[in-house]
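# Structural overview
Below are the chains, spelled out letter by letter.
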Amino acid sequence: NEQIVLASRPEGMPTHQNFTYETIDTKPPQQGEVVVKSLYISVDPYMRGRMSDQKSYVEPFQLNQVVSGGVVGEVVESQNDSFNVGDKVFGMLGWRRFNVVPAEQIRKVDGEAAPLSAYLSVLGLTGLTAYFGLLNIGKPKEGETVVVSGAAGAVGMVVGQIAKIQGAHVVGIAGTDKKVQYLVEELGFDSAINYKTVDNMQSALEGLCPNGVDVYFDNVGGEISDAVLNLLNPFARIPLCGAISSYNRTDGDLGPRVQTKLIKSRAGIQGFIVGDYADRFSEGAKHLAKWLSEGKLVNEETIVEGFDNVPDAFLGLFSGENLGKQLVKVADP
Ligand code: NDP
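Given the structure is predicted, the values throughout are model-derived calculations rather than measurements.

### Digging into the domain arrangement of the chain
As far as domains go, the chain holds domain 1 (2-121 + 299-329) and domain 2 (125-275). Averaged C-alpha coordinates put domain 1 and domain 2 at centres separated by 28 Å. With 17 residues of domain 1 at the interface, the matching set in domain 2 holds 17 residues. Looking at the side of domain 1 that touches domain 2, the elements that each hand over two or more residues are α1 (46-51) and β15 (325-329).

Take a look at the structure:
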């Protein structure tokens with residue numbers, strides 16, 4: 001068996017040197033335990049926070065201990081009556097080829113109903129983040145304007161599509177022309193902006209949001225958000241989902257720099273964690289699955305192959321290598 005451990009804590013941008021591969025023995029499962037072979041491993045921006053030794057809503061990864069996150073795998077040995085060999089499961093598991101875990105740590109997923117990778121993307125925490133953040137905090141109404149940053153990423157893409165389903169005018173912000181084109185041509189966004197090449201973000205946004213901004217779903221923070229927040233309509237709603245533009249800064253968080261903007265617009269800004277909605281996950285997953293099966297929701301994933309490439313895939317999130325959800329395929333079922 002093999003695992004990836006946190007070798008050191010990053011200063012600023014994480015690097016390969018922060019991770020080490022180790023060969024380990026796999027103990028036979030005890031009563032109640034199962035052995036899960038990793039098929040897909042999820043890499044996520046929030047893991048950057050866990051690499052630091054700061055108190056947050058999830059515990060920091062421990063130095064020289066295995067890194068962990070969302071994994072979809074297959075049960076290859078079972079000492080638990082509820083799980084059979086061959087069952088496909090999701091769990092927050094170690095970055096290992098095989099994890100030996102108590103059954104409480106995993107739940108079954110249905111590989112017939114959807115591709116297994118979808119349980120780490122649109123039908124998993126990613127889709128649920130978009131669903132609850134947009135619908136419970138953003139509350140877009142038909143005809144309103146929704147702007148989403150990080151729009152071609154995993155969460156942002158689902159946000160924009162759900163906003164379209166709600167009948168909103170949707171504008172995305174992303175980091176390449178290819179992404180911008182994809183959002184408009186493949187996902188039906190009304191327009192999108194490449195924040196890396198646009199001359200003047202503020203005036204570009206004004207052109208694309210002639211009626212102002214009613215909902216700003218923020219995945220990135222920083223200067224992008226400064227520009228969007230200048231266009232808020234009265235009583236706009238701002239779900240604060242992520243601030244990836246600040247995650248690797250060594251001089252502290254950039255924002256949100258909003259005080260007068262919020263006073264003038266009387267807008268509401270609310271941070272949230274997807275786990276806040278844990279007791280409603282089945283409701284969210286049901287809607288997401290329905291939209292997916294009806295073709296109203298497109299699931300986009302960037303899948304790299306090989307356990308050796310997990311750190312690379314993670315690091316690529318910070319340079320925008322991914323279109324949609326970034327996953328690593330570790331093994332075939
Ligand atoms: P993404 O798939 O969106 O991947 C990250 C993307 O962020 C990249 O593709 C890149 O796209 C963009 N990006 C990277 N650096 C910057 C930067 N400096 N400025 C602007 N954009 C940047 O990841 P997720 O969809 O998984 O996560 C999106 C956000 O949501 C993150 O901030 C994450 O932490 C947060 N999140 C929050 C949750 C919660 O419960 N609150 C749950 C899940 C995610 P580009 O090419 O456009 O730059």
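### Things to note about the packing of helix α2 (residues 125-138) against helix α3 (residues 154-165)
Where α2 meets α3, the axes come as close as 8 Å, and the angle between the chain directions of the two elements is 45 degrees. Overall, the two elements α2 and α3 adopt an arrangement that is oblique. With respect to the hand of their crossing, α2 and α3 are arranged in right-handed fashion. Two secondary-structure elements touch here, α2 through Thr-126, Gly-127, Thr-129, Ala-130, Tyr-131 and Leu-134 and α3 through Ala-154, Val-155, Val-158, Val-159, Ile-162 and Ala-163. When the residues that make up the contact of α2 with α3 are grouped by side-chain class, the tally is 9 nonpolar, 3 polar and no charged.

### Thoughts on the site of the ligand
In the vicinity of the ligand there are 30 residues, among which Gly-153, Ala-154, Gly-175, Gly-242 and Gly-320 approach most closely. Elements with a contribution of two residues or more to the shell around the ligand: α2, α3 and α7 (244-247). Among the elements that take part in the shell around the ligand, α3 stands out by supplying 3 residues, more than any other. Counted by class, the shell around the ligand contains 15 nonpolar, 13 polar and 2 charged residues.

### Considerations on the pairing of strand β5 (residues 88-94)
Burial analysis of β5 places 5 of its 7 residues in the buried class, which makes it a mostly covered element. Note that strand β4 (residues 68-78) and β5 share 7 bridges and pair antiparallel. Paired with Glu-74 across the strands is Lys-88, a residue of β5. Here β5 pairs with strand β7 (residues 106-108) via 3 bridges, running antiparallel. Note that in β7 the partner of Val-89 across the bridge is Lys-108.

### A look at the sheet that holds strand β11 (residues 213-217)
Strand order in this open sheet of 6 strands is β10-β9-β8-β11-β12-β13, and the pairing throughout is parallel. Edge positions in the sheet fall to β10 (191-194) and β13 (268-271), since each of these pairs with one other strand and no more. For this sheet, the mean angle separating the axes of adjacent strands, direction not counted, is 15 degrees. Pairing of strand β8 (residues 145-149) with β11, which is carried by 3 bridges, proceeds in the parallel orientation. Paired with Val-146 across the two strands is Val-215, which belongs to β11. Relative to β10, helix α4 (residues 177-185) is tilted by about 175 degrees, and along the sheet it contacts β9 (169-174) and β10.

### Remarks on α4
Restricting attention to buried positions, one finds in α4 the residues Lys-179, Val-180, Tyr-182 and Leu-183. Each buried residue of α4 sits inside an arc of 160 degrees when the element is viewed along its axis, so together they form one side. Exposed and oriented more than 90 degrees from the buried face of α4 are Asp-177, Lys-178 and Glu-185. Structurally, α4 contributes buried residues whose contacts are with α3, β9 and β10.

### Details of the confidence of the model for the chain
For the chain, the average pLDDT comes to 96, and 100% of its residues sit at 70 or higher. We note a pTM of 0.97 for the whole complex and an ipTM of 0.99 for its interfaces.

### What about the environment of Glu-144?
Among the secondary structure elements, Glu-144 is positioned in the loop between α2 and β8. Given 22 C-beta atoms within 10 Å, Glu-144 falls into the buried group. Setting aside chain neighbours within four positions, we find Glu-144 in contact with Ala-168, Asp-214 and Val-215.

### Regarding the packing of helix α5 (residues 201-208) against helix α6 (residues 222-229)
Relative to each other, α5 and α6 sit at 45 degrees, their axes nearing to 9 Å. In this view, α5 runs oblique relative to α6, as classed from their interaxial angle. Once α5 is placed against α6, the crossing between them reads as right-handed. Contacts from Met-201, Gln-202 and Leu-205 in α5 reach Ile-224, Ala-227 and Val-228 in α6.

What counts and what doesn't
Residues numbered from 1 in each chain as written. Predicted model: local features only at pLDDT ≥ 70, side-chain atom pairs only at ≥ 80, totals over all residues. Domains from an automatic or database assignment. Contact = placed C-beta atoms within 7 Å. Helix = DSSP H or I, 4+ residues; strand = E, 2+ residues; numbered from the N terminus. Axes fitted to C-alpha atoms, helices over the stretch in contact; angles between N-to-C directions. Parallel < 35°, antiparallel > 145°, perpendicular 65-115°, else oblique. Left-handed = near helix turned anticlockwise from the far one by under 90°. Nonpolar A, V, L, I, M, F, W, Y, C, P; charged D, E, K, R; others polar. Near = placed C-beta within 6 Å. Buried ≥ 20, exposed ≤ 12 C-beta atoms within 10 Å, placed from the backbone. Pairing = 2+ DSSP bridges. Arc of directions from axis to C-beta. pLDDT = per-residue confidence, 0-100.

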